[in-house]
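Residue-level structure breakdown
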Amino acid sequence: MLEDNFNQFEETPQDVYIQTQSEMLNEIEGIHDSHPHKDALLISGSLSIIEAAVAFYIVASAGVLIASMVSLFPVALLWAIANHHAEKVELPEAYDELVEKYYGTVQELS
């Protein structure tokens, strides 16, 4: 009976490796598990709507179709620029930071 309890808690090297790698992954990349703040999404969406409404009001005398196109263009342009900046500037920087963190963690383990 004592032997059965002992074998129950015995871990294989593979289990220890997987557990260690999972802990390291959670330690380094745990900050990326969070979702965008709802407040930030609400604020950016609200400001975009306000910007489009003000631009529409300014150009409304030109007609609804033209005013709609003119008012939505700056909003779409800003969102496209923000998306491009996030993918081409912020994401590579975040990847570089992750590589440095992994490298530092591996050096500590060696």
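As for the overall build of the chain
- Broken down by element type, the chain carries four helices and zero strands.
- Overall, the chain shows an N-to-C arrangement of helices and strands of α-α-α-α.
- Long-range contacts, defined here as pairs at least 24 residues apart, represent 57% of the contacts in the chain between residues at least 6 apart.
- Put simply, the chain shows about 9500 Å² of open surface, and 65% of that area lies on carbon and sulfur atoms.

Details of the confidence of the model for the chain
- When pLDDT is averaged along the chain, the result is 81; 85% of the residues meet or exceed 70.
- Within the chain, the element-level pLDDT minimum falls on helix α1 (residues 2-8), averaging 52, and the maximum on helix α3 (residues 38-59), averaging 92.

Re α3
- With 22 residues, α3 should reach 32 Å at 1.5 Å per residue; the first-to-last C-alpha distance of 32 Å fits that figure.
- Of the residues making up α3, those classed as buried are S48, A52 and A55. Angularly, the buried residues of α3 cover 65° about the axis, an arc narrow enough to put them on a single face. Of the exposed residues in α3, those oriented more than 90 degrees away from the buried face are K38, D39, L42, I43, L47, I49, Y57 and I58.

Quick notes on the rules
- Residues numbered from 1 in each chain as written.
- Predicted model: local features only at pLDDT ≥ 70, side-chain atom pairs only at ≥ 80, totals over all residues.
- Heavy atoms only, no water.
- Helix = DSSP H or I, 4+ residues; strand = E, 2+ residues; numbered from the N terminus.
- Contact = heavy atoms within 4.5 Å.
- Areas by Shrake-Rupley, 256 points an atom, 1.4 Å probe, with all protein chains shown as cover.
- pLDDT = per-residue confidence, 0-100.
- Expected span 1.5 Å × (residues − 1).
- Buried < 20%, exposed > 50% of the residue type's maximum accessible area, 1.4 Å probe, protein only.
- Arc of directions from axis to C-beta.

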